[in-house]
Amino acid sequence: MSAIYDLAIVGAGLSALSAIAARPAAFAEQQVIVFDYQDAPGGFLRSALPARGFEQAWELIRSVRFPAQVTALFGATAVGLLPALDAGEPHSLLVRRREGTGQVRAWRILIACGGLEATREHAQIPGPRPAGVMTPILAHQLLARGYLPGRRAVVYGEALYTRATARRMADEGMEVTLVIPAEAALVGVEGFPRLERVTFSRDGQAFQVVADTLVYGVGMLANTHWLMGSGIELAPDGAIAVDERYLTSIPGVYAVGTVIAPSLDHAGSIAMGKEVAPPR
C-alpha cells in the first residue's frame, strides 16, 4: 500500500456502491482504493437482504461491479486519519488488516463507513446484561449462519429494518412480539444468565413480556470514533459535518451516507452516493 491513490474510499456500503455505480467511467480513469471491515461489499444491511422495502438496495448490492482500476480490500478497518499538512501532500489513512496496520495515502478521501446500531446500554435501559439481548445485525448474522437467536423474541423499534428483522425471525419459526417505541417505552430487562422478561411502560403503567431474546432496533450512531484527533468537524450527534458538496472541514476529504445522517433504514444513502463529487 505504498502507492498514492487519487481517491481512497472508507467503506463499501450503499453510499460507496452507489457512487461507483453512478460514474463507473470516472472511477475507471483514476487510481482508487476502497476498503471495508467486512468480507464483501454491501455494508451491514447485506446480511438482512433481500427484504421488503429494500429492493433498490438489494439490486445495487447484487449488480454493482468495481472497475478494474479500483483496488478493493476487504477485512480492512480504518483506525485513523492523518490529514495532509499542506496542499502538496496526500492524506494518510491508518488501516488495520490481519497482517498488521499500514498506511493508505490518497489525494482525496471519501468517508462512507456508515454507522453503528445503538444498543440498549447506550439508552441506559436498566437491568443486568443477560445473553439474548442484541441489535438487529447480530440477529441477521446468526440467522444467515443457520442459528436461531432464541425461541421467544421481543423486537423493539419501528424502522423498516427493524420490522424486517421481526419478519425474518418469525419466518424462521420464532415467536416474535414487535413493540413500537411510540406505543410503549422499554424500561428494563430481567434474567440471568439468559434473558427472561422485558419490561415496558405504557400510559404510566408497567407491563412485562416473557422472552429469551430482545432485539433492540431503535437507532444508529455515526461511525466516527476512529476520527478522534483528526480535525474533522463533527455535529452534536457525532455525525460528520459536511457542506452541500459533502465536503468535510478538511479539504479533499468528503463524507456521505449514514456517517453524516445516521439511519437504520439508510434513508438517503443511495441518493447521496449519486450526488457526491466524482474522483478527479
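Residues numbered from 1 in each chain as written. Predicted model: local features only at pLDDT ≥ 70, side-chain atom pairs only at ≥ 80, totals over all residues. Heavy atoms only, no water.

Some remarks on the environment of G53
So the rule is basically this: In this text, helices come from DSSP runs of H or I with a minimum length of four residues, and strands from runs of E with a minimum of two, each type numbered from the N-terminal end. The buried label applies to any residue whose accessible area, calculated with a 1.4 Å probe on protein chains only, is under 20% of its type's maximum; exposed applies above 50%, and partly exposed to all values in between.
If you trace the backbone, G53 turns up in the loop between β2 (32-36) and α3 (55-63). Residue class for G53 comes out partly exposed when judged on its relative accessible area of 42%. Taking C-alpha positions, G53 is 8.5 Å from A164, a pair spaced 111 residues apart along the chain.

As for the pairing of strand β12 (residues 197-202)
Rules: For two strands to be treated as a pair, DSSP must find no fewer than two bridges joining them.
Where strand β11 (residues 185-190) meets β12, five bridges bridge the pair, whose relative direction is antiparallel. Residue pairing across strands places L186 opposite F200, the latter belonging to β12. The hairpin turn running from β11 into β12, its antiparallel successor, is six residues long, and G191 in that turn takes a positive phi close to 120°. Linking β12 to strand β13 (residues 205-210), which pair antiparallel, is a turn of two residues; within it D203 sits at a positive phi near 55°.

Thoughts on the sheet that holds strand β10 (residues 175-179)
An order of β8-β14-β9-β10 is seen for the four strands of this open sheet, with the pairing classed as parallel. Two strands lie at the open edges of the sheet, namely β8 (133-134) and β10, each paired on one side alone. Inspection of the sheet shows strand β9 (residues 152-156) paired to strand β14 (residues 213-216) by four bridges, in the parallel sense. In the sheet register, V154 faces β14, and the bridge partner there is L214.

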